[in-house]
Amino acid sequence: MLKLAIFGSGSGTNCQAIIDAVEAGRLNAEIKCVLADNEGAYILERARKHNIPAIYIDCAPFKTKLEGAAEARVLETLKEHDVNFIALAGFMRVIKNGLLSAYAGKIINIHPSLLPSFPGLDGGKQAFDYGVKYTGCTVHFVDSGVDTGAIINQKIISIDDNDTLETMMEKLHTQEHIAYPEALQWIAEGRLRFEGRRVKLK
Ligand code: GAR
């Protein structure tokens, strides 16, 4: 059984899609807790509305990574809530070695571009500004690099001539909300197999 923690920093629409998939029986997982590095993040409110423990983690003094005392508090919290798998959903910090080694192969992320194109911050805007005609989202394992882990699932959208960044991001989010629960369900079913860094489905 996947016993999930979802980490976020913002509005949490991907977290909501995962909650909805669990509640609809499309995803065989239990969401043990939702963590955010921003006290006012709406992702925490979404968790509370579904009676899921919603926990704020103060990550100071670091601005862009999860390390040190905050990482230790996260590890304690995950243990306390019996978490065996982590889904990053708009969590805007780099995961460092303490958490990576405690949850080796058990942390995944969603990124708003077709990796390996446009890693890092604002992947959706990077793709739009570059002028690509097709982009999408990627669900991937988390390793010590920035958006470099093995790819599990991708969905594609077109950027049409009348699209703005906003309309493109709407299409992108719609696909993210399909791709993330789908990837998690594959993991829940034990369907992933690896050939080098290629992830295939059994
Ligand atoms: C999503 O679009 C996700 O792909 C992106 O943040 C957004 C979070 O939205 N993640 C990253 O950019 C990670 N580098 P949400 O809070 O509504 O799920």
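Check the entry above for the structure.
Read on for a plain summary of the structure. (Residues numbered from 1 in each chain as written. Predicted model: local features only at pLDDT ≥ 70, side-chain atom pairs only at ≥ 80, totals over all residues. Heavy atoms only, no water.)

Taking strand neighbours across the sheet as the criterion, the 7 strands line up as β3-β2-β1-β5-β7-β8-β9 in an open arrangement whose pairing is mixed. Looking at strand neighbours, the two that pair on one side only are β3 (54-56) and β9 (151-158), the edges of this open sheet. Between one strand axis and the next, the sheet turns through 20° on average, direction left out of account. In this sheet, β9 lies alongside strand β8 (residues 134-141) in antiparallel orientation, the contact comprising 7 bridges. Across the sheet, the residue bridging to G136 is I156, located in β9. Each of β1 (2-8), β2 (29-36) and β3 touches helix α2 (residues 42-49); the most contacted strand, β2, lies at about 145° to it. (Pairing = 2+ DSSP bridges. Helix = DSSP H or I, 4+ residues; strand = E, 2+ residues; numbered from the N terminus. Axes fitted to C-alpha atoms, helices over the stretch in contact; angles between N-to-C directions. Contact = heavy atoms within 4.5 Å.)

Attention now goes to the packing of aromatic side chains. Tallied over the full model, the rule gives 3 aromatic pairs. Considering the side-chain rings of F7 and F91, the 5.3 Å spacing of their centres and the 75° angle between planes classify their relative orientation as edge-to-face. Taken together, the residues span a long stretch of sequence, with F7 in strand β1 and F91 in the loop between β5 (85-88) and β6 (94-95) at a distance of 84 residues. Of the two residues examined, F7 and F91, each falls in the buried class. (Phe/Tyr/Trp six-rings, centres within 6.5 Å; stacked < 30°, edge-to-face > 60°. Buried < 20%, exposed > 50% of the residue type's maximum accessible area, 1.4 Å probe, protein only.)

So far we have only geometry, and geometry alone does not tell us how the molecule works.
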